[in-house]
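A structural walkthrough
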Amino acid sequence: MKILKILLAIILLVIIGVAAYAFYIKSSLTPSYSGEVSLKGLSSSSEVYFTKHGIPHIYGQSDEDAYRSLGYIHAMERLWQMDLLRHVGSGRLSELFGTDMVEADKFLRTMGLSQYAAASAKEYMIRNHESLPLVKAYIDGINAYISNNPKPLEYTLLSLEPEPFEVQNVFEILTYMSFSFSNAHITDPVLTELSNKLDTTYLQDLSIYHYEGESTLKPFDARYSLQAKQTAAILNNLKVPEFIGSNSWVLSGSRTETGEVILTNDPHIAFSQPSVWYESHLISPKNEYYGYHVPGAPFPLLMHSERQATGLTMFENDDMDFYVEEIHPEDSTMYRHDGEWKKIKLQEETISVKGSDPVSFVIRYTLHGPVVSDILQEEPLDEVVSMYWVTTNQPNYMIEAVYGMLTAENINEVEQAASQIHGPGLNIMYGDKDGNVAWWAAGKLIKRRDEQTSKTFYDGSTGLDDANAFYGFTKNPHAINPPWGYVHSANNQPDTVDGVLYSGYYLPDDRGERIVEILSEDSIKTVDEIKTMLMDDKSMMHEAVKGIMLHAIKDTERSQLLRALIQWEGTFDRDDFRPLIFQRWLNEILKAAQKDEIGDELWPVYKRTHTYKVAAENLIKKENSKWWDNDTTEVVETRADIIRQAFESTIADLSRYWGDDFTKWKWGDAHALEHKHAMGDVIGFFNVGSFPVSGGNEVLNNMGYTYDETMKQIIRFGPSTRRIVDFSDVRNNSWSILPTGQSGNYFSPYYSDQAEMYANGEFRKMNMNNEQIRQSKNKLTLKPAN
């Protein structure tokens, strides 16, 4: 009995000790949203009011004080995320995660992100732009937090200490963002291999630009898909969100109930925890705005004030080209260009690896850019392929451009600031209090001999397709105060400019068509109707192909199911069973039609490209396409054969997994959203969710996904915010939502407090009412340290 009492006492002490330690950890790592903190460098005290959902409203006595305070708050809430982003942008993930990330770091450095960021930071500081003191103040605020506060839990678990931040880190974060917009590094190798192995009618049936041109490649190495495959694998493992696409529309006063402009924007970005945006409201003597920041960057990419509002979508222009170089047959250090043999340049890189020895490797360069074929590990190409990217070959004025749009006093100044953006390609969406609405496609556009050949590899030896000339900004697609009363963008292809249709990786026009359809239904819109529009989940793809698909199964014995599908209007509601059938059926049709020609290895990579989405509707509409015949069978299949077979296999597969009663199936059961943390595969409690959600591929509520082996959809990306700015009452009637919450700190009450609201399609106010803000109970005063 005595021994038992001793054991119980020991167990009790252990429990108390663990509980006390957990309490200590939580209390010490939970961000402080009230009280007083000394902050070195402030000229006067800053007041930070945290309103509901943890939105900081920062009142600084000078611009520098406001940005120093913002840097401190960003570090308090998102330090781990900021640190992770700069390590991606500099190709230093191995310093955080060890040997598993060495190949990713080689890839990122070969792409040139870190070298370009370092050069851009140096040039920016030499220019001594008026924004530089604010950038430095912001970084000082970050470093003050790092020096004087406990680090987030991730650092403890990984046994790491964060380094101080520098100006270069801001450029690393923005350069990674630019790279994540690009689709060429996956699409071009895929289309090059397809163009080499299939006759031209196959790609023409998909309505993809590809015509044999003077310097379009003849068959070289039939393994270009390896480049795309390994690139896709590395991107999947980067642990940070990719920027994918977006919706935006800006209505002039002629289209709104109040007669004032309404701007709407929901950039589509890969889901993660924390989510990509951090909202804040800055007030200083010279400026006031409400902004969406990428943590680690001082100026917001999305913003509004009483004067104006801006939003972003991805332009999707083609700003990256690949070249097969001709290597000297007797000297592998030389390559031919425009009739001359030139020397390949070498650059040695060393990667520091956590828990292991440093890894050194060499990057080779031609005049086109880095030799990207060198990073292939599984089966290196016989050919030498180099890459030209507009972003890393032009001076970087991104910070000046964003600052210029932030401080602009009229539409002309916003346009001038947008013209400074060279890459990535962005659609700048704009509205203001004076009733102006506008859209500018920003980015340097290459003057090409033939826009229709840019998605396959060029012959680098000729010099005929080098990126030597660019269009001026006035030739970029744009619309300012159009007579129809609105501008919109959904990553769809802009119309021609002076007869030129710019090449790009544009997404299907489904979302763009739906925006126009809704705005055409009623010329006058309210904020509540805009909220409903943001959550709209009607598929225009379904509208386009349902007749063909349903006609092919008109004789099915599943009459009850057929009637239900005929009655369906193509909306992707989470409680409906029909989206589950349609989307799986569509996937099976495309797989049955195309996989035999494309091949098992290339198929999953092809499905990641925008080409896969664009081609779907075009292919289904072409009854006599060669794609319909299955090369692996002895019979000649028709379109109707493939559609019927795909339908039967779809119903059989769904029945095995979800049961025989299709009326009990639900789209939301298979279509659930989980927000994954960078360490979430190992430490699951960092993740948020999952939540059954409505929406689907290429509807306005755009929830992009892939299938897993359990017949469920793995949602990869979607609206990173849903945002409405109403100029009839900017301070009190502008609305937003984030996918999870403001804070990246696991112990914060704002870590995931918006997640369920987001899944349910709810909104919250973006409050700029200073009287209401100052009534908040959570007030943090940042005082000068001296």
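Structural notes, computed from the coordinates. (Residues numbered from 1 in each chain as written. Predicted model: local features only at pLDDT ≥ 70, side-chain atom pairs only at ≥ 80, totals over all residues. Heavy atoms only, no water.)

Take the sheet that holds strand β6 (residues 278-283) next. Here 11 strands make up an open sheet; going across it, the order is β1-β29-β2-β3-β6-β7-β8-β9-β17-β18-β20 and the pairing mixed. Lying at the two open borders of the sheet, with one neighbouring strand each, are β1 (35-39) and β20 (478-480). Averaged over all pairs of adjacent strands, the angle between their axes in this sheet comes to 20°, without regard to strand direction. By the bridge criterion, 5 bridges tie strand β2 (residues 46-51) to strand β3 (residues 55-59) in an arrangement that is antiparallel. Each residue of the ladder has a partner; that of Val48, found in β3, is Ile58. (Pairing = 2+ DSSP bridges. Helix = DSSP H or I, 4+ residues; strand = E, 2+ residues; numbered from the N terminus. Axes fitted to C-alpha atoms, helices over the stretch in contact; angles between N-to-C directions.)

The subject of this paragraph is helix α4 (residues 102-110). Counted residue by residue, α4 has 8 buried out of 9 residues, so it is predominantly covered. Of all the residues in α4, the buried ones are Val102, Ala104, Asp105, Lys106, Phe107, Leu108, Arg109 and Thr110. Taken from the residues just after α4, Gly112 is the one with a positive phi, measuring 90°. (Buried < 20%, exposed > 50% of the residue type's maximum accessible area, 1.4 Å probe, protein only.)

For the rest of this paragraph, the subject is the pattern of salt bridges. Oppositely charged side chains are able to pair whenever their charged atoms sit close together. The tally for this structure, following the rule as stated, stands at 39 salt bridges. Two residues, Asp83 and Arg86, come together in a salt bridge whose shortest N-O distance is 2.7 Å. In this pair, Asp83 and Arg86 both sit in helix α2 (residues 63-89), 3 residues apart, roughly one turn of the helix. A single burial state applies to Asp83 and to Arg86, both of which are buried. Residue Arg109 is joined to Glu349 by a salt bridge in which the shortest nitrogen-to-oxygen separation is 3.0 Å. Note that Arg109 is positioned in helix α4 and Glu349 in strand β13 (residues 345-351), a separation of 240 residues in sequence. When sorted by exposure, Arg109 lands in the same class as Glu349, which is buried. Here the salt bridges do not stand alone but share partners, grouping Asp318, Asp321, Arg448 and Glu451 into one network. (Salt bridge = Lys/Arg side-chain N within 4 Å of Asp/Glu carboxyl O.)

All we've got here are geometric facts, nothing functional implied.
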